[in-house]
Amino acid sequence: MSILRKDKNDKNHPPPQPGTRRGRYHRPVTIATVVVVALLGAAAALLAAKWPFTPAKMTARLENATSGSVRFDGFQTKYFPPGCVIEALELRPRDGAGTVPLMTVRRLTILSNYRQLLLHQRIEVLHLEEVHVDMGRREELKSNSGRENGNGASNRSSNNSSNDFTSIAEVIVDGGNIEYPRHEQPPLVFKVHRLTLDNVLQGKRISFHVNLDNPLPPGNVRADGQFDPWNVSDIKETPLSGTYRFTDAKLNTLGGMAGTLSSQGNFAGPADALRVQGTTDTPDYQVKSAGHPLRLRTEFQAMVNCANGDVGLQSIRGQFEKTSFGVAGDVTGKTDARSKVASLRVADPGGRIEDWLVLLTSGQTPAMTGPISFQAHVTIPGGPKPFIRRVRLEGDFGLTDVAFTNEQTQESVSELSLRARGQKLPDPKKEPLPRITGKLSGHVELLDGVAHFSHLSYSLPGVVATVQGTYSFNDSKIDLHGEMQVDTKVSKTASGPKGLLTRAAEGLLAKGTGKGEILPVKLTGTYAHPSYGLDK
């Protein structure tokens, strides 16, 4: 028995016989191995047939997606995970190889995974770095795309549709510039810090998140929203919606004004008719020529055309100090024009004149106080002139309970009213003059920084003055002339302080009974140092 026994390690031992334990497991393992190899081979063949990351296939896909012509300088295939890296990509209008590119991308990285790639042709990440978009080329691309759509482009798109990626989980743009050309001026450049698009599925709405720098006024914009499927040949028709925050906007770049604005709100509609509503807050708003910062808040509703920059201001409600006002109008201009022109209708049903004087004039103290109401049409063209010289205004206004902040001027007004009614002045040692207020109304036209007043009426108890003339915001000079009618002849013997208006009236040797006396008067000098008197 020992002679017939062979060592278990003997290499010459015969194969296991059927029915033994070793024989029972060997056949399934062999079959499984064959099946796995067959499946791997089939998968490899299928993957090779469907492998999308080749220069030719990626060029075709990108051109089909953008309706343009694509070229690049470098291409690298990646297998783990599957994808590719494209260097120095350029997008031009189709058949426009010699033109300036519509878009350039320093690096485009496309990544997927094998399961999504084989089963769904799905991309996990599309990552673009340092993107530059020239919106001045968009019309060229649109017209070129339109010609091709009439000559078989739609057939090419449908034939290639089976090879297109069905969806992209996430599109990321890291760094970029969107450039809008301007006539005889440097282009407006929107600097994109980061843009992400989620669940990009052909024919479906796409969500987005963007962080960019706005060029005019300069500031930071963050927005989150959605937009419908789009084609680069007709971007402005794309419906979109979402919310935004605009911060650190420097208004001094707009000319004539200064301050740092912040705004937030929401938007909806196609890009060429985008409905925007929100609020703004500028804690240090000022007109530069006046130099008096104050807090300005607004609530607004507007219609924005992102294609040409036109804005329809449906409603603006503003508030500063104790004054509120309403504005409606538009900001329009041809795309090749030097600048936009704002045409506004302004109304203030219940503000304060002192607030407007602080906002618009350089004096440290407003000359008068009192409630004001007005309505006006304002036109603000662009250009290099100071803001106050560019503004054109025509309107009507009315003030009630008008008082003067200069003590001497207010005493003169009170004294004049008492004398015009034939009343004695109080003894200044015993009691002060009563504070008498008046009413002021008129029509004004502002042109080149000079306000032209017609039918300017100022009334006090016993006194009505009607004048016309000008006030210059450029040098604060006043030049008003007219007539003053009093109820009773001004007394020359009345005791008490005599202001300038009263002394001037006393110098007129009026004839008659003194009832309804009419005096020619003038108001000259400057805003800080006015001069009242009789007009010769």
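The written sequence of each chain sets the order in which its residues are numbered from 1. At least 70 in pLDDT is required for a residue's local features to be given in this predicted model, at least 80 for side-chain atom pairs to be given and counted, and no such filter applies to totals for whole chains, interfaces and linings, which use all residues. Side-chain measures here rest on the full set of heavy atoms in the structure, leaving out hydrogens and waters.

Asker: Is there a simple way to think about the overall build of the protein in this case?
Answerer: Across its full length, the protein holds 9 helices and 26 strands. Counting only residues that meet the buried cut, the protein has 40% of its 536 residues in that class. In what follows, residue pairs with any heavy atoms lying within 4.5 Å of each other are defined as contacts. Here the contacts in the protein between residues at least 6 apart in sequence split such that 51% fall between residues at least 24 apart. Accessible surface, the protein: about 29,600 Å² in total, of which carbon and sulfur atoms supply 56%. Numbering of helices and strands starts at the N terminus; helices are DSSP runs of H or I of at least 4 residues and strands are runs of E of at least 2. Whether a residue is buried, partly exposed or exposed follows from its accessible area with a 1.4 Å probe, protein chains only, as a fraction of its type maximum: under 20%, in between, or over 50%, in that order. The accessible surface values rely on the Shrake-Rupley method and a 1.4 Å probe; as for residues, cover is taken only from the protein chains in view.

Asker: Before we go on, may I ask you to explain the pairing of strand β24 (residues 477–486) in this structure?
Answerer: If a strand is regular, its side chains alternate between the two faces of the sheet. In this structure, strand β23 (residues 463–472) lies alongside β24, joined through 9 bridges in antiparallel fashion. Across the sheet, the residue bridging to Val467 is Gly482, located in β24. If DSSP finds at least two bridges between two strands, the strands pair. The turn linking β23 back onto β24 is made up of 4 residues, and Ser476 within it adopts a positive phi angle of 65 degrees.

Asker: Explain the pairing of strand β12 (residues 260–270) to me, please; I cannot follow it from the model alone.
Answerer: Relative to β12, strand β10 (residues 239–250) is paired through 10 bridges, and the arrangement is antiparallel. Across the sheet, residue Gly242 finds its bridge partner in β12, namely Phe267. For β12 and strand β13 (residues 274–287), the ladder comprises 7 bridges, and the chain directions are antiparallel. Note on β13: the bridge partner recorded for Phe267 is Val276.

Asker: Help me understand the pattern of salt bridges, please; the structure alone is not making it clear to me.
Answerer: Note that side chains of opposite charge can pair when their charged atoms are close. For this document, the term salt bridge refers to a Lys or Arg side-chain nitrogen within 4 Å of an Asp or Glu carboxyl oxygen. All chains considered together, the criterion is met by 11 salt bridges. Arg295 is paired through a salt bridge with Asp281; the nearest N and O atoms lie 2.6 Å apart. One end of the pair, Arg295, is in strand β14 (residues 294–304); the other, Asp281, is in strand β13, and 14 residues separate them in sequence. Owing to a relative accessible area of 38%, Arg295 belongs among the partly exposed residues under this scheme.

Asker: Honestly, helix α2 (residues 55–66) in this entry has me stumped. Any pointers?
Answerer: For the α-helix, the turn length of 3.6 residues means that residues three or four positions removed from each other point alike. Between its first and last C-alpha, α2 extends 16 Å over 12 residues, near the 16 Å set by a 1.5 Å rise per residue. Positioned one or two residues after α2, Ser67 has a phi angle of 60 degrees, which is positive. A helix's residues, less one, multiplied by 1.5 Å, set its expected span.

Asker: Looking at this structure, how should I read helix α6 (residues 353–360)?
Answerer: Among the 8 residues in α6, 6 count as buried, and that is most of the element. Along α6, the positions that sit buried rather than exposed are Ile353, Glu354, Asp355, Trp356, Leu357 and Leu359.

Asker: Explain the packing of aromatic side chains to me, please; I cannot follow it from the model alone.
Answerer: Stacked, edge-to-face and tilted labels apply to pairs of Phe, Tyr and Trp rings (six-membered ring for Trp) whose centres lie within 6.5 Å, assigned for plane angles under 30 degrees, over 60, and everything in between, in that order. For the structure on display, the rule yields 10 aromatic pairs. When the centroid spacing of 5.9 Å and the interplanar angle of 35 degrees are considered together, the rings of Phe208 and Phe227 count as tilted. One end of the pair, Phe208, is in strand β8 (residues 206–215); the other, Phe227, is in strand β9 (residues 218–227), and 19 residues separate them in sequence. With respect to burial, Phe208 and Phe227 carry one shared label: buried. Ring pairing ties together the aromatic residues Phe320, Phe325, Trp356 and Phe374, which thus form one cluster.

Asker: Sorry if this is basic, but what is going on with unusual backbone geometry here?
Answerer: Glycine aside, residues mostly have negative phi, and peptide bonds are mostly found in the trans state. A cis amide bond links Phe80 with the next residue in sequence, Pro81, at an omega value of -5 degrees. Here Pro81 is to be found in the loop between β2 (74–79) and β3 (82–93). For the bond from Leu216 to Pro217, the omega torsion is -5 degrees, close enough to zero to count as cis. Among the secondary structure elements, Pro217 is positioned in the loop between β8 and β9. Positioned with a positive phi, Ala88 is a non-glycine residue whose angle comes to about 55 degrees. Inspection of the secondary structure assignment puts Ala88 in strand β3.

Asker: Hey, could you run me through the environment of Pro93 in this one?
Answerer: Inspection of the secondary structure assignment puts Pro93 in strand β3. Taking the C-alpha atoms as reference points, Pro93 and Val70, separated by 23 residues in sequence, lie 8.7 Å from one another.

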